[in-house]
Amino acid sequence: MRIQHECLYCSKRLHGRTDKKYCDLHCKSAYQYQRSKESPERFYNKVDNQLKLNRKILKGYNKGGKVTVRSEVLLKLGFDPKFFTHYWKNKKGDVYLFVYEFGFFKIKEQGKEKYLLVKWQDYMV
Ligand SMILES: [Zn+2]
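Residues numbered from 1 in each chain as written. Predicted model: local features only at pLDDT ≥ 70, side-chain atom pairs only at ≥ 80, totals over all residues. Heavy atoms only, no water.

A. Main features of the overall build of the protein chain. Regarding its fold elements, the protein chain presents 2 helices and 5 strands. Ordered by position from the N terminus, the helices and strands of the protein chain form the series α-β-α-β-β-β-β. A compact globule built from 125 residues would reach a C-alpha radius of gyration of about 14 Å, whereas the protein chain, at 23 Å, exceeds it by more than 25%. Overall, the C-alpha framework of the protein chain stretches about 65 × 35 × 20 Å when taken along its three principal axes. Taking all 125 residues of the protein chain together, the buried fraction comes to 29%. For the protein chain, restricting intrachain contacts to residue pairs at least 6 apart in sequence, the fraction spanning at least 24 positions comes to 39%. Here the protein chain has roughly 9,400 Å² of accessible surface; of this, 52% comes from carbon and sulfur atoms. (Helix = DSSP H or I, 4+ residues; strand = E, 2+ residues; numbered from the N terminus. Rg over C-alpha atoms; globule rule 2.2 N^0.38 Å. Buried < 20%, exposed > 50% of the residue type's maximum accessible area, 1.4 Å probe, protein only. Contact = heavy atoms within 4.5 Å. Areas by Shrake-Rupley, 256 points an atom, 1.4 Å probe, with all protein chains shown as cover.)

Here you go:
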């Protein structure tokens, strides 16, 4: 079977070696320049999507009051604790991370890692 391939930049049909990706160096540098211009946007969307997913997951488990949930349950759903919007520190110095109005705080209960889920309160400002 022959695989047709084309230049990543100008989509012209390529001949010769199948590992060739561009017609020439001009297409290669033009393509890389174009990608580098798009990447801030891609990064923004990636973060934006992760925050939305995190919020959705926290919201789904946060049924009012203080809830604890095994961290692996959230992680399995795609929750990524590295992405949050802000934090709140209580008087004891515990730092709660928030994804918009839903917060989480890592705790250990009976040797299991869990998240304590809280909701943003007016006094946290
Ligand atoms: Zn080309």
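B. Geometry of the environment of Lys119. Mapped onto the elements, Lys119 comes out in strand 5 (residues 112–119). The exposure class of Lys119 is partly exposed, given its relative accessible area of 41%. Distance in space between the C-alpha atoms of Lys119 and Lys59 is 9.1 Å, their sequence separation being 60 residues. Once you skip the residues sitting within four places of it in the chain, Lys119 turns out to touch Asn62, Phe98, Glu101, Phe102 and Met124.

C. Inspection of the coordination of the zinc ion at higher detail. The coordination sphere of the zinc ion, as far as protein atoms go, consists of Cys7 (SG), Cys10 (SG), Cys23 (SG) and Cys27 (SG), spread over 2.2 to 2.4 Å. For the zinc ion, the 4 donor atoms in the first shell make angles of 100 to 120° at the metal, a pattern classed as tetrahedral. Read N to C, the donor residues that coordinate the zinc ion are spaced as C-x2-C-x12-C-x3-C. Residue Cys10 is found in the segment before helix 1 (25–61), and its partner Cys27 is found in helix 1; the two are separated by 17 residues along the sequence. On the basis of relative accessibility, which here comes to 34%, the residue Cys10 falls in the partly exposed class. On the basis of relative accessibility, which here comes to 6%, the residue Cys27 falls in the buried class. (Donors = N, O, S within 2.8 Å, 3.2 Å for Na, K, Ca; no water. Tetrahedral: all angles 85-135°; square planar, octahedral: opposite > 155°, others 65-115°.)

D. Quick peek at the nonpolar core. With 13 residues, the main nonpolar core has Leu58, Leu74, Phe79, Phe104, Tyr115 and Leu117 as its most contacted residues. Those residues within four positions of Tyr115 in sequence are excluded, and the remaining contacts are Val67, Thr68, Val69, Ser71, Leu74, Phe79, Pro81, Phe104, Phe105 and Lys106. Counting 7 residues, the second-largest nonpolar core is a separate cluster that includes Trp88, Phe98, Leu116 and Val118. (Core = buried A, V, L, I, M, F, W, Y, C linked by side-chain atoms within 4.5 Å.)

E. Molecular detail of the packing of aromatic side chains. Applying the stated criterion to the full structure yields 8 aromatic pairs. Between Tyr96 and Phe105, the aromatic rings sit 4.7 Å apart at their centres with planes inclined by 25°, giving stacked as the arrangement. The residues Tyr96 and Phe105 share a single accessibility class, namely buried. When the centroid spacing of 4.9 Å and the interplanar angle of 90° are considered together, the rings of Phe98 and Trp120 count as edge-to-face. Taken together, the residues Phe98 in strand 3 (residues 95–99) and Trp120 in the segment after strand 5 connect sequence positions 22 residues apart. The class of Trp120 is partly exposed, set by a relative accessible area of 28%. (Phe/Tyr/Trp six-rings, centres within 6.5 Å; stacked < 30°, edge-to-face > 60°.)

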